Amino acid sequence: MERVQIEKDSIQEELIIPLYRKKMCIEKFPALFQDEKALELLSRMDYDFSEVEKIESKKGRQFDTMEAAIRYNDIVTEIEKFLKNNPYASIVNIGCGLDQTAEKCDNGTCQIYNLDRPDIMEFRNQLLPETDRIHNLDYELMDLAWFDEIEAEQGVLFFASGVFSKIKREDIKKLFNEMALRFPGCRLVFDSMGKVALKMKLKSWATENKIENLEDYFYVDDTRWDIRPWIKNAKLSEKSYMKAYGNMKEEALSKSYRFYAKLADKSFKLKIVIIDFANRRN
């Protein structure tokens, strides 16, 4: 298979770096994380990863690598649990990039929708074309015309991983309310972080994008105050994403990593949030 040439400072470069981080997850934490689809896709890229590897190999970055691996596993757990009860449901990956989380969970009967902005989806389509059950939607998130593309008869699970923290709170509020109206009974699963983590983790991103007030962006210190007022008729639950899913097994992580993971959960308020929107009859 012909390898894909990746140009420096391009949208393609921006998209393949998360793939390389998955490779590092696999190498550093093999008992915790595996993703054959990411490795296969990465093998098709013609790109010098030496600079990325130098940056990602730093000690502080390794904790971020572990965090990403655990979050990925948490989301997979939630999708697979949903599909056991809803085998013909639609699974929607919001802000997908080149991620294949939904495909990893494919049970052979569900419908899969990957959503991202048009320039990103143009590249994804070259590498991961649509099939009869996998659909690539090229929309900006807040252009809610993409709702019309989703088959909702058999249930819908929307998920977002590492996405919502870079979206303004008012837009997230609108998205939640519109989902509740358009897809009654659907489920939304996403990761969140508290205000402290938002300011620390997205500081360089905010500087690059000339964002003056990060507090305008989505964070969750307490779901009772930060989300519940938006969705009063929905069922809302949360789990600590570092420790609640049983991923931090002794064979997967050292004692020091497990300690810092639990500390990060508490200090940064890292959560997996699950919203079950009410059925209309409720």
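Up top is the structure.
A quick note: this is a predicted structure, and the numbers were derived from the prediction, not measured. (Residues numbered from 1 in each chain as written. Predicted model: local features only at pLDDT ≥ 70, side-chain atom pairs only at ≥ 80, totals over all residues. Heavy atoms only, no water.)

A. Fine view of the state of the cysteines. Following the criterion strictly, the structure yields zero disulfides and no others. Cys25 carries a free sulfur, and the closest cysteine sulfur to it, the one in Cys105, is 16 Å from it. Considering cysteine sulfurs only, Cys110 is the nearest to Cys105, which forms no disulfide, with 8.4 Å between them. (Disulfide = S-S within 2.5 Å.)

B. Focus on the packing of helix H1 (residues 11–28) against helix H6 (residues 118–127). Direction vectors running N to C along H1 and H6 enclose 70°, while the axes themselves pass 10 Å from each other. As judged from the angle between their axes, H1 and H6 are roughly perpendicular. For the crossing formed where H1 meets H6, the hand is right-handed. Contact with H1, carried on its side by Ile11, Gln12, Leu15 and Ile16, involves Asp119, Ile120 and Phe123 of H6 and no other residues of that element. Here the contact of H1 with H6 is composed, by residue class, of five nonpolar, one polar and one charged. (Axes fitted to C-alpha atoms, helices over the stretch in contact; angles between N-to-C directions. Helix = DSSP H or I, 4+ residues; strand = E, 2+ residues; numbered from the N terminus. Parallel < 35°, antiparallel > 145°, perpendicular 65-115°, else oblique. Left-handed = near helix turned anticlockwise from the far one by under 90°. Contact = heavy atoms within 4.5 Å. Nonpolar A, V, L, I, M, F, W, Y, C, P; charged D, E, K, R; others polar.)

C. Region of the structure containing a nonpolar patch on the surface. There is a patch of nonpolar side chains on the surface, built from Phe259, Tyr260 and Leu263 and spanning about 320 Å² of accessible area. Tracing the backbone shows Tyr260 in helix H11 (residues 255–268). Overall, Tyr260 belongs to the partly exposed group, its relative accessible area being 47%. (Patch = residues over 30% accessible without salt bridge, like charges linked within 9 Å, V, L, I, M, F, W, Y side chains within 5 Å. Areas by Shrake-Rupley, 256 points an atom, 1.4 Å probe, with all protein chains shown as cover. Salt bridge = Lys/Arg side-chain N within 4 Å of Asp/Glu carboxyl O. Buried < 20%, exposed > 50% of the residue type's maximum accessible area, 1.4 Å probe, protein only.)

D. Spotlight on the pairing of strand E4 (residues 111–116). Buried residues dominate E4, accounting for six of its six residues. Burial along E4 is two-sided: the residues Gln111, Tyr113 and Leu115 and Ile112, Asn114 and Asp116 are all buried. Pairing between strand E3 (residues 90–94) and E4: five bridges, direction parallel. Bridging from a neighbouring strand, Ile91 pairs with Ile112 of E4. (Pairing = 2+ DSSP bridges.)

E. Highlighting the sheet that holds strand E5 (residues 134–138). Taking strand neighbours across the sheet as the criterion, the seven strands line up as E5-E4-E3-E6-E7-E9-E8 in an open arrangement whose pairing is mixed. With partners counted over all chains shown, the strands left at the sheet margins are E5 and strand E8 (235–240), one partner each. On average, each strand axis in the sheet is tilted by 15° relative to the strand beside it, whichever way the strands run. Pairing between E3 and strand E6 (residues 156–160): five bridges, direction parallel. Opposite Val92, over in E6, you have Phe158 as the bridge partner. Sheet contacts for helix H7 (residues 169–182): E3, E6, strand E7 (187–192) and strand E9 (271–276); angle to E7, the most-contacted strand, approximately 165°.

F. Here's a closer look at the packing of aromatic side chains. A full pass over the atoms with the stated rule returns 16 aromatic pairs. Between Phe164 and Phe218, the aromatic rings sit 6.2 Å apart at their centres with planes inclined by 85°, giving edge-to-face as the arrangement. Taken together, the residues Phe164 in the loop between E6 and H7 and Phe218 in the loop between helix H9 (203–208) and helix H10 (223–226) connect sequence positions 54 residues apart. An identical accessibility class is assigned to Phe164 and Phe218; each is buried. A centroid spacing of 5.6 Å and a plane angle of 40° characterise the contact between Phe176 and Phe190, whose relative ring orientation is tilted. Placement of Phe176 in helix H7 and of Phe190 in strand E7 is noted, with a sequence separation of 14 residues between them. Here the aromatic residues Phe164, Phe176, Phe190, Phe218 and Trp230 are joined through ring pairs into a cluster of three or more. Its end group placed over the ring of Tyr219, Arg169 keeps NZ or CZ at 4.8 Å from the ring centre. (Phe/Tyr/Trp six-rings, centres within 6.5 Å; stacked < 30°, edge-to-face > 60°. Lys NZ or Arg CZ within 6 Å of the ring centre and 35° of its normal.)

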